[in-house]
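# Architecture at a glance
Chain by chain, the residues run as shown.
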Amino acid sequence: MLASTSTGAAQAQGGDPTLRDSFSIGDQGGSLCEVQSTVRDSVIKGMFDRAWMIVCRDASQPVGYVRTLRSTPGEALARIEAGRAGTIVCAAGGACTVKDSDVAWATRIEADGNTSYSVEGFAAYGDALNLALQSVRERRVVPGVIKVATTSVGGNDGFARTLAGTIDVDRALAEGYRRNHSGDYAEAAEFFEALSRRAIEEQAAADLDPTEFTLNRALQKSNLGEFAEAERLFGEVEAIPTSDAVQLRLRRNFRAIHALNQRDYDGAAALLQAPIPPLANAVSVNGDAVTLTPEIVAGVNSGANARAIRQTSDRERLTPAERAQIIDAQAVHLLGTVERLRGNPAAAKAAQIKGLADAIAVREGRVTSIVRLRSQMLGELALAEEAEGDIAGADARFLESINALAVEYPETNALASARARYAAFLTRHGQDDKALGIYREVVAALAGSQRSTTGMANMMAPYYRLLAARSASDPAAIGDFFVASQLQVRPGVADTQAVLARELSAGSSEGSRLFRQATTLNRDIERARIEDARLAQMPVTPEINALRADLKTQLDNLGFQQAETVVALSAFPQYRVVAPGKLDLPELQQVLRPDEAYLKMLVVGDAVYAMLIEQGGAQLWRSDIGAGDLETAVDTIRASISVVENGRRVTYPFDAAAARKLYTGLFSPAAERLPAIAHLIFEPDGAMLRLPINLLVTADTGLADYERRLADPEADAFDMRQIAWLGRSTRPSTAVSALAFRNARQSAPSAAANQYFGLGQNLPVAGTLPSLGSRGAAGGTDADCQWDIAQWSRPISADELVTARSAMGRDSATLLTGGAFTDTAVKARADLADYRIIHFATHGLVTAPRAACPARPALVTSFGDSSSDGLLTFQEIYDLKIDADLVILSACDTAGAASVSATREAGVASGGGNALDGLVRSFIGAGGRSVIASHWPAPDDFDATKRLIGGLFGTQRGTSVADAMWATQARLMNEKQTSHPYYWAGFAIIGDGGQPLLHDTVNTAQSGEAAGRAAR
């Protein structure tokens, strides 16, 4: 068995493989493929001919075809060429490519008597073609490793598009709905967005209404809390009229869910109670006359869904009438939810009972697609019964809701949500121990399947509360809290990972191939588990036992293949930034040094928690400040640092009292310990994503004198040299997650030969933008979402780049500025991996151009050729190939405050956010270890930024990044003119601040301060 040996597929399968429907080829270490028998092959002519498809788990379509034909080789070739006419183009010399591409296509024919054995397919999969042909000829599974030669088959991009972009529209729509039903809203949104960009002809051929894709995107964005963008997408859908009864009902329900997500209960009720025309028969027959109803004619004329007149004999799909009935049942369910939230449990219960009856009336309830809906109805019914005081009834309903999902959606977020909802119910009725047991099982299941609790914060909140309350007496509670908190991924991070995962899946690298293989293995494992769960519900018979035994063997094999695939994938940084995962508490403690501690925050609802983790112990507490007050405090402090008024950047006297109060409110149990920690790794959450921790005030020292100066109009209100900043004694760095910090610490240092590459000072644009581009405006779909010309008209000076180059030594540094600094030039460079430090001095665009637009974190560049949009987007950054120990983003707000409408891809939580999870994850995925980013525009006053950068690169060899940053910040905070946090606190280290900044090969002939003066 493959699960217990590494000798590959060949030894795991005995007998003649051609007698089976399918057989596997490919040993571990290469691509995993299967040869599947097919009768749908136009080349097959007679009873003696046979055909197989070669399907590999890293491709979304067959990579080749094997045939045995009763014919001569010449006749076989003629038949093959006739069968593939119009899809494969062959030159006079015999070399073939896929039509309209340079992707190579190979054909091989071998004769044996009156039989010809043939194989054809992508030349990149030559190993798979050869193994499949040999296995069919020799009637045994021939062993061998399948290597995919993507670099030798023409353009890599073309190969990726041909191989990974051909999933049919109908199947892709089903995958999108599947993810939605599983509770993976970010992945679902990515599927629907990709579908909306498919050709209109392709959508029409699949008989699909393209507005349904946009409608689903709108709902997923609403589920993720992106209400303004969801509103814009709903508007796009509603601008296209339809009379299709199914689409009208979907629009009503999705709009109502959008209102519920925003707690607009009256609005949701009004939408659900608005009349919608009933589904009329599409065709009326009177004698020999066949007439379309006026509604159908209008729908056809408006381009509406043609499913209304489809024949209903297709057993795999619901008819329009059945689909409309289920959607109407969902509307009743939603109205019941509104009644419960309004405080009317009796009306809510009646509505849920009716909606449940209406839904299961369709095909007697044997419809897979309503399983999630049925579970939701049962969960809502349980809440209504609980509100009426029927606790036993509610308990039974919750269990019924869980069981409804257990078969069709095992080990998914949907099932985890149902179980967490039940656990929360138990905590409300004094059954804490039982609830804790269920919560632990939920976390273990999600962690084991590498899923998160995104969207489950309210249901998980009681778990965190219970663990925090028990942490003082139960050390295990701290470990449990740490693991669970890592699964509480913000919707913005989930969205970022989904976008970058799509980028990785479409690539041509070995990492992309392995990622596609892992994704397919995940789906195969899920399908096998669903089938096993279904069989488990059936009466036990020898046949059922045999089927389940076969499934267990299959799951063991798949699990082994997946484990080896993930191990291979882990070597690729692009995978590490999109892969979910967690550490146990001891795993983090093992990588911490004696003078270090990891400070982690978690915001759940209005509760704010914090953990302080050191080598020898850990501490957990619930903070004295709530999430709402935290937002207010951060806004107050930010407003005293740097704000824009009437188009000008203004700095006010710093609110030190607020910073002192916030420090004690957040960290009072560890307030005395934190200043004594040399290197503090901080993982922020909530509003603290927008504020550097080093400017919090740890003691009352100097505060009274400062307050007196504030009251004295003759005194200097910007002199803060005596304030006890946390950053005065502690070297802080920031982590996006514990796993990301561990990965950064364990990464091998850069092997780059050169030290420094500085880029920035874009060329200003006058008049109109040279190009609207395709990446900077919500995928190019909405001209109103383009950035205005002002973003390119105020370039950041290259002075700090010159300063850094002077400090590093000209022989080891390179600059790219002005008109040469274009997005196309950066993407085209093949030497980016030759630099240890890459430094961008340019504006970072974090927020969306306007509230309703989907923001895309990007760096402003000069405009290049016609394909340039003057932006280096976070997806494009992710596809760069760098090998940098450090990336510096000395740009506007690259780590700091973003508006409420800022992109989820930038890691935004409700109420604002930052670009850590967009730009930073992209650079780390591209091959960077750590990133320095700015929380606000780097100040030019008093040469603060030039001095900071000069001091950073003027450090002694072997000094850590955190120590170098701390030393140069300390010089600024100790000088009267630059002691305000605006001048010294803006830069944050994301990653491992404990790594050396400069290696022995660095030329550091000048000190930082001298270098700064020399560059002026």
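One can find the structure itself at the top, above this paragraph.
Here goes a summary of the coordinates provided. Residue numbers run consecutively from 1 along every chain, following the written order of its sequence. This being a predicted model, a pLDDT of at least 70 is required before a residue's local features are given, and a value of 80 or more before pairs of side-chain atoms are given or counted; all residues contribute to the totals for chains, interfaces and linings. To get the side-chain values, all heavy atoms of the structure are used, and hydrogens and water are removed first.

## Digging into the overall build of the protein
Along the backbone of the protein there are 37 helices and 26 strands. Contact criterion: two residues are considered in contact whenever any of their non-hydrogen atoms come within 4.5 Å of each other. Across the protein, every contact between residues at least 6 apart in sequence was considered, and the portion connecting residues at least 24 apart equals 71%. Shrake-Rupley sampling with a 1.4 Å probe provides the accessible areas, and residues are treated as covered by the protein chains on show and by no other component. Of the accessible surface of the protein, which amounts to about 39900 Å², a share of 51% is contributed by carbon and sulfur atoms. Every helix listed is a DSSP run of H or I at least four residues long, and every strand listed is a run of E at least two residues long, numbered separately from the N terminus.

## Considerations on the sheet that holds strand β22 (residues 858-860)
In this scheme, strands are said to pair when DSSP sees at least two bridges between them. Taking strand neighbours across the sheet as the criterion, the 3 strands line up as β21-β22-β23 in an open arrangement whose pairing is antiparallel. Strand pairing shows two members of the sheet lacking a second neighbour, β21 (844-845) and β23 (871-873), which therefore form its edges. Bridging between β21 and β22 involves 2 bridges; their strand directions are antiparallel. Bridge pairing in β22 places Leu845 opposite Ala858.

## Quick notes on the sheet that holds strand β6 (residues 96-98)
Overall, antiparallel pairing links the 8 strands, which are arranged β1-β2-β3-β4-β8-β7-β6-β5 in an open sheet. Strands at the two margins of the open sheet, each flanked by one partner only, are β1 (22-25) and β5 (88-90). Each strand of the sheet is rotated relative to its neighbour by a mean of 25°, with strand direction disregarded. Taken together, the 6 bridges between strand β2 (residues 33-38) and strand β3 (residues 50-56) define a ladder with antiparallel strand orientation. The residue bridging Val35 from the neighbouring strand is Ile54, located in β3. Along the sheet, helix α2 (residues 73-83) contacts β4 (64-69), β7 (104-112) and β8 (115-122); its crossing angle with β7, the most-contacted strand, is approximately 150°. Between the N-to-C directions of two axes lies an angle of 0 to 180 degrees, each axis being a line fitted to C-alpha atoms and, for a helix, fitted only over the stretch in contact. On top of the sheet, helix α3 (residues 126-138) reaches β1, β2, β3, β4, β7 and β8; it is set at about 160° to β8, its chief contact.

## Side note on the packing of aromatic side chains
Geometry of aromatic contacts follows a simple scheme: Phe, Tyr and Trp rings, the Trp one being its six-membered ring, pair when their centres are within 6.5 Å, and the pair is stacked under 30 degrees between planes, edge-to-face over 60, tilted otherwise. Taken as a whole, this structure holds 22 aromatic pairs when the rule is applied. For the ring pair Tyr439 and Tyr463, a centre distance of 4.9 Å and an interplane angle of 25° mean the geometry is stacked. Placement of the pair is Tyr439 in helix α18 (residues 432-448) and Tyr463 in helix α19 (residues 457-470), with a sequence separation of 24 residues. Like Tyr463, Tyr439 is buried. Taking the centre distance of 5.4 Å and the plane angle of 65° together, the rings of Phe481 and Tyr609 count as edge-to-face. Placement of the pair is Phe481 in helix α20 (residues 475-487) and Tyr609 in strand β12 (residues 607-614), with a sequence separation of 128 residues. A single burial state applies to Phe481 and to Tyr609, both of which are buried. With a 1.4 Å probe rolled over the protein chains alone, any residue whose accessible area is under 20% of its type maximum counts as buried; one over 50% counts as exposed, and the rest are partly exposed.

## Description of helix α10 (residues 245-261)
With 17 residues, α10 should reach 24 Å at 1.5 Å per residue; the first-to-last C-alpha distance of 24 Å fits that figure. Among the 17 residues that make up α10, 15 are buried, leaving the element largely enclosed by the rest of the structure. Where α10 begins, one side-chain oxygen reaches toward the backbone nitrogen of Val246, 3.0 Å away; that side chain belongs to Asp244. Positive backbone phi, at 60°, marks Arg263, one or two positions downstream of α10. In this analysis, the expected span of each helix is defined as 1.5 Å times one less than the number of residues it contains. Between N or O atoms, a polar contact is any pair within 3.5 Å; within protein, one atom must be a potential hydrogen donor and the other a potential acceptor, and residues adjacent in sequence are included only when both atoms are from side chains.

## A short note on the environment of Glu75
Of note, Glu75 is situated in helix α2. When its relative accessible area of 45% is taken as the criterion, Glu75 is described as partly exposed. Each C-alpha atom of the pair Glu75 and Ser116 lies 9.1 Å from the other, and the pair is 41 residues apart in sequence.

## Focus: the side chain of Arg921
By the secondary structure assignment, Arg921 is in helix α33 (residues 916-926). Take Arg921: its relative accessible area is 9%, and that puts it in the buried class. Of note is the side chain of Arg921, whose polar atom sits 3.3 Å from the backbone oxygen of Val577.

## Remarks on the pattern of salt bridges
Pairs can form between side chains of opposite charge once their charged atoms are near each other. Basic side-chain nitrogens of Lys or Arg form a salt bridge, by our definition, when they fall within 4 Å of a carboxyl oxygen of Asp or Glu. Taken as a whole and assessed by the stated rule, the structure comprises 52 salt bridges. A salt bridge links Arg440 to Asp480, with the nearest nitrogen and oxygen atoms 2.9 Å apart. Here the residue Arg440 occupies a position in helix α18, and Asp480 occupies one in helix α20, the gap between them amounting to 40 residues. On the basis of relative accessible area, Arg440 is assigned to the partly exposed category, the value being 34%. Of the residues examined, Asp480 reaches a relative accessible area of 22% and is grouped as partly exposed. Each member of the salt-bridge network shares a partner with another, and the members are Asp41, Arg67, Arg84 and Glu120.

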